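# Structure assessment
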Amino acid sequence: MSTATYESLLSARGVKKVYRKGEVAVPVLKGVDFNVARGELVSIVGQSGSGKSTLLHLLGTLDKPDAGEIYFDGRRTDNLGAAGRDLLRNRHIGLIFQFYHLLPELTTIENVLSPVMIRHSVWSYWSKRREYQERAKELLETVGLGHRLNHKPRELSGGEMQRTAIARALIAEPQLLLADEPTGNLDRQTGEEILDVLRRLNTERGLTIVMVTHDPNIAAGADRTVHLVEGRVKSANQAAA
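Only a predicted model underlies this, so the values are computations on that prediction, with no experimental measurement involved.

### Description of the pattern of salt bridges
- Applying the stated criterion across every chain yields a total of twelve salt bridges.
- The partner of E69 in a salt bridge is R76, with the nearest N and O atoms 3.4 Å apart.
- Here R205 and E138 are joined by a salt bridge, their closest N and O atoms 3.7 Å apart. Of this pair, R205 sits in helix α8 (residues 188-205) while E138 sits in helix α6 (residues 129-142), and the two are 67 residues apart along the sequence.
- Note on R205: relative accessible area 40%, which makes it partly exposed.

As structure tokens, then:
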């Protein structure tokens, strides 16, 4: 393993991914090299079909590459079995998506608590429930939803649902947050509010964030922008000071 891999919280080396439609092979990623330092806020941009979401899913162990290697915190992850990938995501990687994936029958705070409820046995969760509930309330206060704890998703706006999804992704205190088009379903003002939440988490808590976006204004708020063109990294620009 290279020294760069150890210095980075997250890295990809020569990552390739091919999807198949019948007998037709469609190469999506064609040898991606990518690094994220601890505490960085990185945006990934590119045209539709350039491989942005595919790369994010591979980095988050939701899928496996056909070639290349992926490392998280110095440990190779692309060769983990399903149980190992699930454990890594549940404990160390938070995920948010364009579609919020909230459970409609649960309240806001229950949706936030769902990852720790899944992680623990009934007895283990029950013995620490007050601690987890206080943490969930704190996170909802952080994202501006301290007044919406007991509302169901149908009672929330799009921005409030995305804030709930962010709090849910943070309940396990992950080292890394991966966001796939987190403002894609929101109007510009609400999208900028969500970006402000992510920026605060990055600067105040040192949370490492990788964010896929099609919006150049949202991308400009990151420390660095990585451009994907036809399945390859074209450039990685530092944000203007």
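### Focus: the sheet that holds strand β1 (residues 10-21)
- As summarised here, the arrangement of the four strands in space is β2-β1-β4-β5, forming an open sheet in which the pairing is antiparallel. One side of each edge strand has no neighbouring strand; the edge strands of this open sheet are β2 (24-36) and β5 (75-76).
- Pairing of strand β4 (residues 67-72) with β5, which is carried by two bridges, proceeds in the antiparallel orientation. What sits directly across from Y71, in β5, is R76.

About the thresholds
- Residues numbered from 1 in each chain as written.
- Predicted model: local features only at pLDDT ≥ 70, side-chain atom pairs only at ≥ 80, totals over all residues.
- Heavy atoms only, no water.
- Salt bridge = Lys/Arg side-chain N within 4 Å of Asp/Glu carboxyl O.
- Helix = DSSP H or I, 4+ residues; strand = E, 2+ residues; numbered from the N terminus.
- Buried < 20%, exposed > 50% of the residue type's maximum accessible area, 1.4 Å probe, protein only.
- Pairing = 2+ DSSP bridges.

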